[in-house]
Each structure stands twice: as C-alpha cells, then as structure tokens.
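Examining the three-dimensional arrangement
Listed here are the chains, written in short residue letters.
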Amino acid sequence: MQGKIALITGATSGIGAGFARRFAADGYDLIITGRRKEMIRSLADELGKKYGVRVEVVLCELSNRDEIESLAQRVSGEPGIEVLVNNAGFGTNEFFHNEEFSGQENMLSVHCLAPMRLIHAALPNMLARGKGTIINVSSLRAFGAGRRVAVYCGTKSFLNKFSEAIHIENMGKGIRIQALCPGFTRTDFHERIGLDTESNKAGFVRWMPVEKLVDISLRDLKKNRVICIPGLWNKLMILAQSLMPAGLYYRIAPSNGGLKE
Ligand SMILES: NC(=O)c1ccc[n+]([C@@H]2O[C@H](COP(=O)([O-])OP(=O)(O)OC[C@H]3O[C@@H](n4cnc5c(N)ncnc54)[C@H](OP(=O)(O)O)[C@@H]3O)[C@@H](O)[C@H]2O)c1
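Residues numbered from 1 in each chain as written. Predicted model: local features only at pLDDT ≥ 70, side-chain atom pairs only at ≥ 80, totals over all residues.

Comments concerning the overall build of the chain
The line we're drawing: We count a stretch as a helix when DSSP gives it H or I for four or more residues in a row; a strand needs E for two or more, and each element gets its number in order from the N terminus. Radius of gyration means the value over C-alpha atoms here, while the globule rule gives 2.2 Å times the residue count to the 0.38 power. Residues are defined as contacting one another if the C-beta atoms placed from their backbone atoms lie within 7 Å.
The number of helices and strands found in the chain is eight helices and seven strands. A globule of 261 residues ought to have a C-alpha radius of gyration of about 18 Å, and the chain, at 18 Å, matches this closely. With the principal axes as the frame, the chain shows a C-alpha extent of 55 × 40 × 35 Å. Looking at the chain alone, contacts between residues at least 24 apart form 73% of all its contacts between residues at least 6 apart.

Comments concerning the nonpolar core
Definition in use: For this analysis, nonpolar core means a set of buried Ala, Val, Leu, Ile, Met, Phe, Trp, Tyr and Cys residues linked through C-beta atoms within 7 Å. Three exposure classes are used, based on other C-beta atoms lying within 10 Å of a residue's own C-beta, which is placed from the backbone: buried for 20 or more, exposed for 12 or fewer, and partly exposed in between.
Grouped together as the largest cluster of nonpolar side chains are 58 residues, with contacts concentrated most on Ala6, Ile8, Ala20, Leu30, Ile32, Leu84 and Ala122. A total of nine residues in this core trace back to one element, the largest contributor, which is helix α4 (residues 101–129). Every residue in contact with Ala20, bar those within four places of it in the chain, is listed here: Ile8, Ala11, Leu30, Ile32, Leu43 and Leu47.

Remarks on the site of the ligand
Rules: Whether a residue is near a molecule or strand depends on its C-beta atom, generated from backbone atoms, being within 6 Å of that molecule or strand. Charged residues are taken to be Asp, Glu, Lys and Arg, nonpolar residues to be Ala, Val, Leu, Ile, Met, Phe, Trp, Tyr, Cys and Pro, and polar residues to be all remaining types, Gly included.
Neighbouring the ligand are 29 residues; Gly10, Gly14, Gly34, Gly89 and Phe189 lie closest to it. Of the residues forming the shell around the ligand, the biggest block, three residues, is contributed by helix α1 (residues 14–25). Of the residues in the shell around the ligand, the class split is twelve nonpolar, twelve polar and five charged.

Section: the environment of Leu30
Counting through the fold element by element, Leu30 comes out in strand β2 (residues 29–34). A tally of 26 C-beta atoms within 10 Å means that Leu30 is categorised as buried. C-alpha separation for the pair Leu30 and Val53, spaced 23 residues apart in sequence, amounts to 7.5 Å. Not counting chain neighbours up to four residues away, the residues in contact with Leu30 comprise Ala6, Ile8, Ala20, Phe23, Ala24, Leu47, Val53, Val55 and Glu56.

Written out as structure tokens, the structure reads:
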C-alpha cells in the first residue's frame, strides 16, 4: 500500500464497518479485520469500487494470541498506518459464575490484549512520522457496572484508563488517541447475544445510528477529547449515575441496560 492507511479491527459490521466506510470515503487505503468471511470481503469489494481505495482483508480471531501476534507483525511492518481503530468486541448476557471461563478470557483478549498489542506495534511508526490517530472503541459501560456484564464492564473500563495513559505519555508528539464510549448503537451487537432490540424495559434505551457515532468520534478527535461520550442522552446518563449513591445504583442498574431477552 502506498498512501495513508487506516486499520480497523472488527469491520465486518456495525461500528467497525461505519469507520471503514468513513475512512475509505476520506481516501484512506484500508486494512480491515473480521471473521465472517463473505461479509467482510463483500464490504471490501464495495468500498474498493466505490472509493477507488485499496482494501485488504485480514481474517483474524482476536482471542487467539498467535493471530494477534501475526496481525501485530503486519502492523509494525506497515509504516503507512496513520489510523488504528481497535473496535472488535462482543457482549455477554450471563452471570459471571455461570459463564464458561474460557469465554471470559476470550473477552479479555479481544477487548484488552489485542488493542494493547496493536498499539504497541503501531505507535513507534506513528511517533517516527509525528502523526497518528488511535481510536479504542470502549463503551458507556466503562463508567458503570451491572448484571451479566461483569467482564465487559471491567475490560471497557481498562480501555478508558489505558487510552488516557497513552495520551499522557505521548502529548505534544502528534498522536491523537480516543476512547470512544458508545451507548446503544444500531449494530449486530445485541442480537448476537439474544437481546430484543425493540424492547426498552427500564426506559433508558435511546438508539444512535452508526454514522452519527462516527461523526461525533471524529469531531471530538479534532478537539483532542480523549474520552468521547457521544450524544446528550448518554452524557446525562453518566452524569446521573455519578451523582447517585452507590447503594441506589446497585439496586436499580438494569441487566443489559434494560433490553429483554
Ligand atoms: N452496539 C452497541 O450498542 C455498542 C455499545 C457500546 C460499545 N460497543 C462496542 O462497539 C464495538 C463494535 O461492536 P458493534 O456494536 O459494531 O457489534 P458488531 O456489529 O457485532 O461488530 C463486532 C465486530 O467485532 C468482531 N469480533 C467480535 N469478536 C471477535 C473476535 N473474537 N475476534 C475477532 N473479531 C471479533 C466481529 O467480527 P465477525 O463478526 O466477523 O466475527 C465484528 O466485526 C465493540 O467493541 C463493542 O463492545 C457497541
């Protein structure tokens, strides 16, 4: 690849596909990762034809250390990577003690280890060029806790603090980093864990389209906002949560934000 490159993990659908579309429209060549082969290849074809950019697909299981490592080697060997979006992720819908431990370990790997390793591989090249953008797709859940999402909340909370620390270490060196903390966003995420996306048990659910989320993320990046909470409703939810006595919050925090199974 010759031009500026954006690497986006988990670009098969949803938020990752949204970032892929946006960066392709902005003239970036893409490296996109995912596991659903036909879907991601068809996205790559579509974007290549529509925007005249090169799109490379890397089929990659990010719960597998060897596959993370081989992607990281690809990243270190590609100094043209200007943008890294660590987006791949998945949800849970079960109490911690009831879920297979291997699944929890996989989440740790996809949400934490993979972003750490890829940033470790990309950052030296970005620093050498004096320019680079890193977006870690976190979640509003980074600020709270809840039932059936124990490891999810922990891993996303890690991503926020980790992003802030990387920002502090690299201030003034041309690196922009963001932990993007979406609330409910229309993607495949909730249906994949058996939740009814039309339900709204506790009345807290407000859906945001992916395109709007991507707009807000990129706008906040320009303002150097490291922690990006997209939209007024999501900001109000976090504010209300922070003002609430912990005991009250523990009692009313709904499972999966109030979506029914
Ligand atoms: N949607 C929301 O409301 C919401 C809210 C807060 C945060 N988020 C975060 O947003 C990110 C993107 O999710 P989404 O909503 O766009 O859901 P999505 O449509 O299900 O997309 C998830 C992407 O991650 C990839 N992925 C999942 N597990 C993986 C694994 N083990 N190895 C490699 N790739 C894997 C998927 O690849 P394949 O499908 O090809 O396997 C897919 O491309 C996640 O980090 C999620 O935690 C979403």
